[in-house]
Amino acid sequence: MTGEESVDDDGFIDVRELEKVFTVRRRSGFLRRTTSEVRAVDGISFAVPRGEMVGFIGPNGAGKSTTIKMLTGILTPSGGRLRVAGVDPWKERTQLVRRIGVVFGQRTTLWWDLPLRDSYALVKRMYRIPEARYRANLERCVELLELDGLLEVPVRQLSLGQRMRGDITAALLHDPDVLYLDEPTIGLDVISKARVREFLLNLNAEMGTTVLLTTHDLSDIEYLCKRVVVIDHGRLMYDGVLAGLHEVGSSERTLVVDLEREMPPIEGVHGARTVRTEGPRQWLAFPAAASAAPLVSQVAAGYPLVDLSIREPDIEDVIARMYAR
């Protein structure tokens, strides 16, 4: 029986009591060292069904990258059970790499001095992708990610947004069942970010690709994922819908209002409070789980409004509020 046949769709990614412990050696004197253990991942459990898009979030140092490295077979777990697409990532790495795609926002998997087309040709040979399948996938990604005209450009000459779209294409040429995305929109302009988000939605809807997304941008999570898994200090803090996370953490969004002129702090807006003023600009905090539309209507009806924007809470702030409660 193959891994594809034996995998349970309800636990396409199946993590049970997963642990990773590192031994750290420190100098404590002349020719003397002490050792200590750092528990980077501390008994987390969750399951991701086939075709689901899940936000995997937490502050820096929470254990996200360590978990992803175990899911991709780069690191060996210290304890627990782990299955991805029916295989053990560390024991069956060769079988696994044909089933997964990985994109790191901070690092490229493309060849720096080669044009995109040559990088993709190397990926084709590495994964032994059939010619017809390769051409179909490449044409689809080039069209949807608007890479036409960039295929002959060396990677080092691409902008950050262009390179990110190029990396996503490289990760999808072999039709992976699972796609791991680590900060895929970091540093991107508004247009590039929107293009990447729309592509990922289409990919998930049309191809049924399972996506695990790590990001510090909660707007990415809101746009792409119905479910979030939060870890901190290697432990599972929350697993559920994003609205529930905001409720648990009592997090707040901020309505930034630009008025025609400097005015006293805005008052009488139900569900919001003014937390800062600076000239004609004012900042109003309101519960993250609440809709901004009624607040905008109240402000527009009672004040000379020029412009406004909404700022999402930082993940660190959400988790800090969870601890406080």
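Analysis parameters
Residues numbered from 1 in each chain as written. Predicted model: local features only at pLDDT ≥ 70, side-chain atom pairs only at ≥ 80, totals over all residues. Heavy atoms only, no water. Helix = DSSP H or I, 4+ residues; strand = E, 2+ residues; numbered from the N terminus. Expected span 1.5 Å × (residues − 1). Buried < 20%, exposed > 50% of the residue type's maximum accessible area, 1.4 Å probe, protein only. Arc of directions from axis to C-beta. Contact = heavy atoms within 4.5 Å. Phe/Tyr/Trp six-rings, centres within 6.5 Å; stacked < 30°, edge-to-face > 60°. Lys NZ or Arg CZ within 6 Å of the ring centre and 35° of its normal.

Participant: It is not clear to me how helix 4 (residues 116-127) should be interpreted in this structure. Could you clarify?
Facilitator: An α-helical segment advances 3.6 residues per turn. Residues three or four places apart therefore align on the same side. An ideal rise of 1.5 Å per residue puts 16 Å on twelve residues; helix 4 measures up with 17 Å between its terminal C-alpha atoms. Within the sequence span of helix 4, burial applies to Leu 116, Ser 119, Tyr 120 and Val 123. Here the buried residues of helix 4 occupy an arc of 95 degrees about the axis, which is enough to place them on one side. Buried residues in helix 4 make contact with helix 5 (131-144) and helix 6 (160-172). Directly after helix 4, the chain includes Arg 128, whose backbone phi takes a positive value near 55 degrees.

Participant: I would appreciate a short explanation of the packing of aromatic side chains in the present structure.
Facilitator: For any pair of aromatic rings, the description rests on two quantities: the centre-to-centre distance and the angle between the ring planes. Overall, the coordinates contain one aromatic pair when judged by the stated rule. Seen in terms of ring centroids, Phe 46 and Phe 56 are 5.7 Å apart; in terms of plane orientation they differ by 40 degrees. Their pairing is tilted. One end of the pair, Phe 46, is in strand 2 (residues 32-48); the other, Phe 56, is in strand 3 (residues 53-57), with ten residues separating them in the sequence. Judged by relative accessible area, Phe 46 falls into the buried class, the value being 3%. For Phe 56, a relative accessible area of 0% gives the class buried. The ring of Phe 22 has Lys 20 lying over it, and the distance from NZ or CZ to the ring centre is 5.3 Å. The lysine or arginine in question, Arg 107, covers the ring of Phe 104, its NZ or CZ lying 4.6 Å from the ring centre.

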